[in-house]
Amino acid sequence: MLESIKDKMMLLTKVTHPILFPITYAVIIPIVWLALGGNTPTSSSISPVLFTIDVIMAAIQVISFWLVFIDRKGDAKTMNHALLSKDLIKMIMFFSGAMLIFSFMVGYLAFGVIVNENNIQKLDHTTKNPVAVLGLTDISTWIFFISFFTLLFVKPDPRYNYGQSYAYFKTLELPRLGKIRKMANFQKGLNLYDNHLADYVNLRMKYIDKIRSSILVDKSDSMENKIHQLTQKFTDDWLDPARYLCETINISYDDFLQSKPHYENIEKWAKIVVSYIVPIIGLVLGIYFQYSPQSHIK
């Protein structure tokens, strides 16, 4: 029953364009909201509608990512589309976060306070334009919020890097990618699988460079055949791919894996702080400054 539901939900990935769909809900809808007067009373009726549409589209994207990266469902084209969407959303999140910081800085330098809903009417509207600053802040907050939480719902899952690795390997079945793109995707998939082992088994592949070179220098047919067999090893046993890679370079199991260096644990927690905690704190502070009253107005 559950598998049947998942198969039906896979249809969602067939109706979402890998570029246009995330751009629509993460960028275009917030901009339309602002253009219709996001900071005026006339927006009270349209804002809930646009926000509801935005949440529904983001939920569809989350479901698509979950099916592809967590459940490893879909063909090579579906995997490639999911990877394109993921990279695009990460780029949108980065630029919207940068614009949010920029809008706060511009507002503070121009008015001496963080421009928000509570103080905008008290600021200088004759020579400066606090409405534009607040609009930039609002739109950047919305774009950052919707793009960040789209990834947040799937990225912490321990199967995420495992599924991404499988997705990159699976895309090599697409003939239109070309030799260079296939080589790049293979290396990304291999590195993600190695990171997965390091994060959740506390081991790394000792001969990853040898694996990389032994497969990449093969002729196209041989390389693709090896990677096709590798994708078949992506089962619920996370070490199955490692066993296959071990066999391809004729290394004994005992000598294939090595302990992860201790300093990488520090890197892991640093990435967690930077990837999750800092954005959440920044978003909370941003919303607080947008709506909290200011103690002074210049």
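Heads up: the structure comes first, above all this text.
## So, empty space enclosed by the protein
Move 1: Across all of its chains, the model carries 1 cavity of 30 Å³ or more by this definition.
Move 2: When its volume is computed, the largest cavity comes out at roughly 70 Å³.
Move 3: Among the elements of the structure, α3 (46-70) and α4 (76-111) are those that each provide at least two residues to the lining of the largest cavity.
Move 4: If you tally residues by element for the lining of the largest cavity, the top one is α4, at 4 residues.

## Description of the packing of helix α2 (residues 20-35) against α3
Move 1: Contact geometry of α2 with α3 gives a least axis separation of 10 Å together with a crossing angle of 170 degrees. The angle between α2 and α3 falls in the class roughly antiparallel. Judged by the sense of rotation from one axis to the other, the crossing of α2 with α3 is left-handed. Counting all contacts with α2, which are made through F21, P22, T24, Y25, A26, I29, P30 and W33, the residues of α3 involved are S47, L50, I53, D54, M57, A58, I60 and Q61.
Move 2: When the residues that make up the contact of α2 with α3 are grouped by side-chain class, the tally is 12 nonpolar, 3 polar and 1 charged.

## Overview of the packing of aromatic side chains
Move 1: Evaluation of the coordinates by the stated rule reveals 17 aromatic pairs.
Move 2: Plain terms: the ring middles of Y162 and W238 are 6.0 Å apart, the flat faces sit at 45 degrees to each other, and that makes the pair tilted. With Y162 in helix α6 (residues 160-170) and W238 in the loop between α9 (220-232) and α10 (240-248), this pair connects stretches of sequence that are 76 residues apart.
Move 3: Here Y162 falls in the buried class, since its relative accessible area comes to 0%.
Move 4: On the basis of relative accessibility, which here comes to 23%, the residue W238 falls in the partly exposed class.

## What about the nonpolar core?
Move 1: Within the largest apolar cluster, 53 residues are counted, with the highest numbers of intra-cluster contacts made by M205, L245 and F256.
Move 2: If you tally residues by element for this core, the top one is α3, at 8 residues.
Move 3: Ignoring sequence-local partners within four residues, the contact set of L245 consists of L190, Y193, M205, I211, I215, L230 and F256.
Move 4: Residues F111, V113, I120 and L123 belong to the second largest nonpolar core, which totals 7 residues.

## Section: α4
Move 1: With 36 residues, α4 ought to run about 52 Å at 1.5 Å a step, and its terminal C-alpha atoms sit 53 Å apart, in line with that.
Move 2: One or two residues past the end of α4 sits G112, with phi positive at roughly 80 degrees.

## Brief notes about the side chain of D194
Move 1: As for its placement among the helices and strands, D194 is situated in helix α7 (residues 179-200).
Move 2: When its relative accessible area of 7% is taken as the criterion, D194 is described as buried.
Move 3: Within the local environment of D194, its side chain forms a polar contact with the side chain of R204, the two groups lying 2.7 Å apart.
Move 4: Not counting residues up to four positions away in its chain, the partners in contact with D194 are L203, R204, M205 and I208.

## A few points about the environment of P261
Move 1: Structurally, P261 is set in the loop between β2 (257-259) and α11 (263-291).
Move 2: Separated by 57 residues in the primary sequence, P261 and R204 have C-alpha atoms spaced 9.0 Å apart.

## Points about the pattern of salt bridges
Move 1: With the rule as written, the count across this model stands at 10 salt bridges.
Move 2: Across the salt bridge formed by R159 and D157, the nearest N and O atoms sit 2.9 Å from each other.
Move 3: Look at R159 and you get partly exposed, because its relative accessible area is 28%.
Move 4: The class of D157 is buried, set by a relative accessible area of 15%.
Move 5: Residues R204 and D194 are paired through a salt bridge, measuring 2.7 Å at the closest nitrogen-oxygen approach. Taken together, the positions of R204 in strand β1 (residues 203-205) and D194 in helix α7 put the pair 10 residues apart, joining distant regions of the chain. Each member of the pair R204 and D194 is classed as buried.

The rules we used
Residues numbered from 1 in each chain as written. Predicted model: local features only at pLDDT ≥ 70, side-chain atom pairs only at ≥ 80, totals over all residues. Heavy atoms only, no water. 1 Å grid on protein atoms, 1.4 Å probe; cavity = no way out; pocket = protein on both sides within 12 Å on 5 of 7 lines; lining within 4 Å. Points joined across faces, edges and corners; volume = space filled by probe spheres on them. Helix = DSSP H or I, 4+ residues; strand = E, 2+ residues; numbered from the N terminus. Axes fitted to C-alpha atoms, helices over the stretch in contact; angles between N-to-C directions. Parallel < 35°, antiparallel > 145°, perpendicular 65-115°, else oblique. Left-handed = near helix turned anticlockwise from the far one by under 90°. Contact = heavy atoms within 4.5 Å. Nonpolar A, V, L, I, M, F, W, Y, C, P; charged D, E, K, R; others polar. Phe/Tyr/Trp six-rings, centres within 6.5 Å; stacked < 30°, edge-to-face > 60°. Buried < 20%, exposed > 50% of the residue type's maximum accessible area, 1.4 Å probe, protein only. Core = buried A, V, L, I, M, F, W, Y, C linked by side-chain atoms within 4.5 Å. Expected span 1.5 Å × (residues − 1). Polar contact = N/O pair within 3.5 Å; in protein donor to acceptor, adjacent residues only side chain to side chain. Salt bridge = Lys/Arg side-chain N within 4 Å of Asp/Glu carboxyl O.

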